[in-house]
Amino acid sequence: MGLLSGRKTVYVDSDVLVIGGGMAGCGATYEARYWGRDLNIVCVEKANIERSGAVAQGLYAINCYMGMQWNENQPEDHVRYARNDLMGLVREDLGYDIARHVDSSVHKFEEWGLPIMRDPETGQYQREGKWQIMIHGESYKPIVAEAARKAATKVYNRIMVTHLLMDKTKANRVAGAVGFNVRTGDFHVFRAPAVIVAAGGASHIYKPRAVGEGMGRTWYAPWSSASAYALPILAGAKMTQMENRIVLTRFKDGYGPVGAYFLHLKTYTENAYGNEYESNWYENTKELVGDYIDRHPVPTCLRNHALLEELKAGRGPIRMVTKEAFQDPHKETIGWENFLGMTIGQAVVWASQNIDPKHTNPELTTSEPYVMGSHATCSGAWASGPEDYAPSEYQWGYNRMMTVDGLFGAGDTIGGTAHKFSSGSFAEGRIAAKAAVNYVKDLGKERPQVSEAEYQNLKKVVFQPMENYEVGRNEIVAGTVSPSYLLPLHGLQRLEKIMDEYVGGISSHYTTNEPLLTRGLELLQMLKEDLNHLGAEDLHQLQRSWELQHRVLASESVTHHTMFRKETRWPGYYYRGDHMKLDDKDWHCFTLSRYDRESGEWAMEKAPVYHIVD
Ligand SMILES: Cc1cc2nc3c(=O)[nH]c(=O)nc-3n(C[C@H](O)[C@H](O)[C@H](O)COP(=O)(O)OP(=O)(O)OC[C@H]3O[C@@H](n4cnc5c(N)ncnc54)[C@H](O)[C@@H]3O)c2cc1C
């Protein structure tokens, strides 16, 4: 116990605890102060909110803006759009709730100093597409973080939250969270009646295309480590649509975004022989998904599907035709600026590979799968909906409260609501915070009680990998392979290999089936047993250890959900080889799971999809 005896424990009491200071967390912190003037609002973040989360490096477009002030779109239009893109399955109540509030958040960003481009003729925001507006967004995150910093009672940076705490006086009620400072190693016990999880999505659960030294080059941020899912899962919250993982078509090797290219520059794709190919796969796709292929716009997954089939037919690579658009100096500038504001790496890749898009059409690729709830897919926690709009079956408590009392979520954390992006995640954080403040006020003087035995035990569990290393390293004279502990990197590579080969990653063209999933679950179980022997050399590796633990739990959830849904709902995101067709009769529903941490068992069920908007 040498490592523990010297470890300081810091106790932090608050009324509202926000875990993760990304887009949703900053929105939640900001709004909690508005409704809870006298409340103690704490935001805890594993990095530094100034530059943390998926928006760390900046963005070039805000992808969710209705434009209601100019009558461009109405919230109902956005619900129809998201429903269509997700092949019919979205939580329309939650999506509508975000859409009706998102514009005001964008106006706040502008007020706080975010430069939004304007159409010189109309004076309106410059549209990139129907839902996207263009920004000079390198400093998007610091601007948003400043608002949260000013609103919070205190922001705790550099603290990795590892577990939620439960109330000892009432079952199924949250009471706070624990974590450790990744710089000092202090253990932190956060006590709070309301907890908002806003910890982002999950990369690196599947083997990435870029491996070895390049493994940090993923599309989704490498530091998005599935805490948003693992924390609620461990607390017994129900999850939804975890099988709905995302695969992105992006520029090869740098994962540079294609949205501005398709929408604003009007570039298009072709196969290796210069031919259009999407129409070749129309009949094939119709056979699999029926009329969904005739929808407008064509759902994102189905466009992936055509590209993948063309590659499998041996007519790759697929290229983006940029040579025409780049003859226009305005479009050429936009094309480059698009990367400089958010994915500089793509410009560097092109420079290093002698690709000037004015003269060479660059290759596209499909990414490894990621888990997220805010982009074009909707994995995440099952949340109660807005009182004035949600069907009664979707309402069991406060807006955005999960199936655990006092536990709220926003952004990538919440399932069923795709296409919220950065602005919608911020808006959802605000929605969750308003509800969380109401929850705290309604509790009055009653406060959940934290069990000292629980957090003392967690303190031991959290630092165990350092203990394992301290003891086990004596058995090694050289190198990194130990007979008694597993390094987090080795555990991560093992996880990625299992998910890749058994749960539909890149090496199997995203295809899996029941026997593969069954074996995948067995291998995940063995990996979980070995995680008790993780070894962490220092605090950095300790953080990696807990990120791995979170990723493994989220992966297990993805695998169970993929097994449960016996159809291929989203060809292009993944395929069930044993159920290749979309089956609206049996599967026009949400999938829900609940993990029992005592038994390690997962219970699966279906929930109805209500179509509220015509
Ligand atoms: C490559 C890429 C491009 C994108 N492009 C666009 C775009 O052009 N336009 C647009 O509008 N949106 C875009 N998005 C989407 C947008 O970035 C996300 O929708 C948004 O960031 C989600 O917000 P969030 O708060 O859920 O997650 P994040 O913003 O990622 O925030 C999560 C936060 O939680 C912290 N955290 C995680 N785990 C823990 C833990 N255990 N303890 C403490 N803190 C923790 C993280 O450090 C992070 O700060 C893009 C996303 C990606 C990945």
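All chains use their own residue numbering, which begins from 1 and follows the written sequence. In view of the model being predicted, local features appear only for residues whose pLDDT reaches at least 70, and side-chain atom pairs are presented and counted only at 80 or more, with totals across whole chains, interfaces and linings using the full set of residues. In computing side-chain values, all of the structure's heavy atoms are included and hydrogens and water are not.

1. So, the overall build of the protein
Here's step 1: Along the protein, the regular secondary structure elements total 17 helices and 21 strands.
Here's step 2: Radius of gyration means the value over C-alpha atoms here, while the globule rule gives 2.2 Å times the residue count to the 0.38 power. Here the C-alpha atoms of the protein give a radius of gyration of 23 Å, agreeing with the 25 Å that 2.2 N^0.38 yields for 614 residues.
Here's step 3: Structurally, the protein occupies a C-alpha span of about 65 × 60 × 50 Å along its principal axes.
Here's step 4: Of all 614 residues assigned to the protein, the portion counted as buried reaches 61%.
Here's step 5: In the protein, once contacts between residues fewer than 6 apart in sequence are set aside, the share between residues at least 24 apart is 75%.
Here's step 6: Charged-residue counts in this description rest on Lys and Arg as positive and Asp and Glu as negative, His and the chain ends being excluded. To locate a charge, take NZ of a lysine, CZ of an arginine, CG of an aspartate or CD of a glutamate. Both charge centroids of the protein, one from 66 positive and one from 76 negative side chains, sit 3 Å from each other. Starting at the N terminus, helices and strands are each numbered in turn, a helix being any DSSP run of H or I of at least four residues and a strand any DSSP run of E of at least two. Per-residue accessibility, obtained with a 1.4 Å probe over protein chains only, is compared with the maximum for each type, and a residue is labelled buried under 20%, exposed over 50%, and partly exposed between these values. Two residues qualify as a contact provided that any one of their heavy atoms is within 4.5 Å of a heavy atom in the partner residue.

2. As for unusual backbone geometry
Here's step 1: The omega angle of the peptide bond from His296 to Pro297 is -5°, so this bond is cis rather than trans.
Here's step 2: Here the residue pair Gly316 and Pro317 is connected by a cis peptide bond, since its omega of 0° sits within 30 degrees of zero.
Here's step 3: Its place among the elements puts Pro317 in the loop between α9 (300–312) and β14 (319–321).
Here's step 4: The phi torsion at Lys266 lies on the positive side, around 60°, for a residue other than glycine.

3. Here we look at the sheet that holds strand β7 (residues 159–166)
Within a beta sheet, neighbouring strands are joined by backbone hydrogen bonds and run either parallel or antiparallel to one another.
Here's step 1: On the basis of which strands lie adjacent, the open sheet formed by four strands has the order β1-β9-β8-β7 and mixed pairing. Either end of the sheet is taken by a strand with one partner, and the two such strands are β1 (9–13) and β7. Strand-to-strand twist in this sheet, taken as the mean axis angle between neighbours without regard to direction, amounts to 20°.
Here's step 2: Pairing between strands requires that DSSP locate at least two bridges from one strand to the other. Where β1 meets strand β9 (residues 187–191), five bridges bridge the pair, whose relative direction is parallel. Across the sheet, the residue bridging to Asp13 is Arg191, located in β9.
Here's step 3: Lines fitted to C-alpha atoms define the axes here, with helix axes fitted over just the stretch in contact, and angles between the N-to-C directions of these axes take values from 0 to 180 degrees. Of the strands in this sheet, β1, β7, β8 (174–181) and β9 are in contact with helix α13 (residues 452–472), which crosses β7 at around 145°.

4. A short note on the pairing of strand β21 (residues 601–608)
Here's step 1: As paired elements, strand β20 (residues 589–596) and β21 share eight bridges and run antiparallel to each other. Paired with Phe590 across the bridge in β21 is Ala607.
Here's step 2: Linking two consecutive strands that pair antiparallel, namely β20 and β21, is a turn of four residues; a positive phi of about 75° is found at Gly600 within it.

5. Here's the deal with the sheet that holds strand β11 (residues 239–240)
Here's step 1: Spatially, β16-β11-β20-β21 is the arrangement adopted by the four strands of the open sheet, whose pairing is antiparallel. Strands at the two margins of the open sheet, each flanked by one partner only, are β16 (380–381) and β21.
Here's step 2: Docked against the sheet, helix α16 (residues 539–564) engages β11, β20 and β21, running at close to 55° with respect to β21.

6. Focus on the site of the ligand
Here's step 1: Note on definitions. A residue lies near a molecule or strand when any single heavy atom of the residue is within 4 Å of it. Surrounding the ligand, one finds 32 residues, the nearest of these being Glu45, Ala61, Tyr220, Ser374 and Ser422.
Here's step 2: Here Glu45 contributes a side-chain N or O atom positioned 2.6 Å from an oxygen atom of the ligand.
Here's step 3: Polar contact is defined as a pair of N or O atoms within 3.5 Å, subject to the rule that within protein one atom must be able to donate a hydrogen and the other to accept it, and that residues adjacent in sequence are counted only when both atoms are side-chain atoms. Interatomic distance of 2.6 Å between a side-chain N/O atom of Ser374 and an oxygen atom of the ligand.
Here's step 4: All accessible areas in this document rest on Shrake-Rupley with a 1.4 Å probe, and a residue is counted as covered only by the protein chains that are shown. Taken by itself the ligand offers 1,000 Å² of open surface, and the protein chains cover 96% of this.
Here's step 5: When contributions to the shell around the ligand are tallied by element, the ones reaching two or more residues are α2 (23–35), β4 (59–62), β7 and α12 (421–443).
Here's step 6: Here the nonpolar group is Ala, Val, Leu, Ile, Met, Phe, Trp, Tyr, Cys and Pro; Asp, Glu, Lys and Arg are the charged ones; every other residue, Gly included, is treated as polar. Per-class residue counts for the shell around the ligand are 17 nonpolar, 12 polar and three charged.

7. Side note on the pattern of salt bridges
Here's step 1: Within this document, salt bridges are pairs made up of a side-chain nitrogen of Lys or Arg and a carboxyl oxygen of Asp or Glu, the two lying within 4 Å of each other. Under the definition given, this model contains 43 salt bridges.
Here's step 2: As a salt-bridge pair, Glu72 and Arg127 come within 3.0 Å of each other at their nearest N and O atoms. Placement of Glu72 in the loop between β4 and α3 (75–85) and of Arg127 in the loop between α4 (92–111) and β5 (133–137) is noted, with a sequence separation of 55 residues between them.
Here's step 3: What makes Arg127 buried here is its relative accessible area of 16%.
Here's step 4: Between Glu309 and Lys312 there is a salt bridge, with the nearest N and O atoms lying 3.0 Å from each other. Within this pair, Glu309 and its partner Lys312 are both found in helix α9, separated by three residues, close to a single helical turn.
Here's step 5: Salt bridges here are not isolated pairs; linked through shared partners, they connect Asp97, Arg100, Asp388, Arg400, Lys420 and Glu428.

8. Quick notes on the packing of α4 against α12
Here's step 1: The geometry of α4 relative to α12 is characterised by a closest axis approach of 8 Å and an angle of 105° between their N-to-C directions. Between α4 and α12, the crossing angle belongs to the class labelled roughly perpendicular. Residues Asp97, Ile98, His101, Val102, Ser104, Ser105, Val106, Lys108 and Phe109 of α4 lie in contact with α12, whose contacting residues are Ser423, Gly424, Phe426, Ala427, Glu428, Arg430 and Ile431.
Here's step 2: Of the residues contributing to the contact of α4 with α12, the split by class is seven nonpolar, five polar and four charged. Just so you know how the angles are binned, under 35 degrees is roughly parallel, over 145 roughly antiparallel, 65 to 115 roughly perpendicular, and the rest oblique.

9. Let's talk about the side chain of His163
Here's step 1: Residue placement: His163 occurs in strand β7.
Here's step 2: Once you skip the residues sitting within four places of it in the chain, His163 turns out to touch Ala177, Val178, Leu231, Leu234, Leu458, Val461, Val462 and Trp546.

10. Points about the pairing of strand β2 (residues 16–19)
Regular strands place their side chains on alternate faces of the sheet.
Here's step 1: Here β2 shows no split at all, with Val16 and Val18 on one side and Leu17 and Ile19 on the other all buried.
Here's step 2: Direction of pairing for β2 relative to strand β3 (residues 41–44): parallel, over a ladder of four bridges. Each bridged residue has a counterpart across the sheet, and for Val18 the counterpart in β3 is Cys43.
Here's step 3: You can see the chain leave β2, run along α2 and come back into β3, and the turn it takes is right-handed. For a crossover, the right-handed case is the one in which the path from the first strand over the helix to the second runs clockwise, viewed with the strands pointing away from the viewer.

11. Here we look at the side chain of His264
Here's step 1: Mapping His264 onto the fold places it in the loop between α7 (259–263) and β13 (268–270).
Here's step 2: Sequence-distant contacts of His264, that is, excluding residues within four places in its chain, are made with Gln126, Arg127, Glu128, Met134, Gly259, His330, Lys331 and Ile334.

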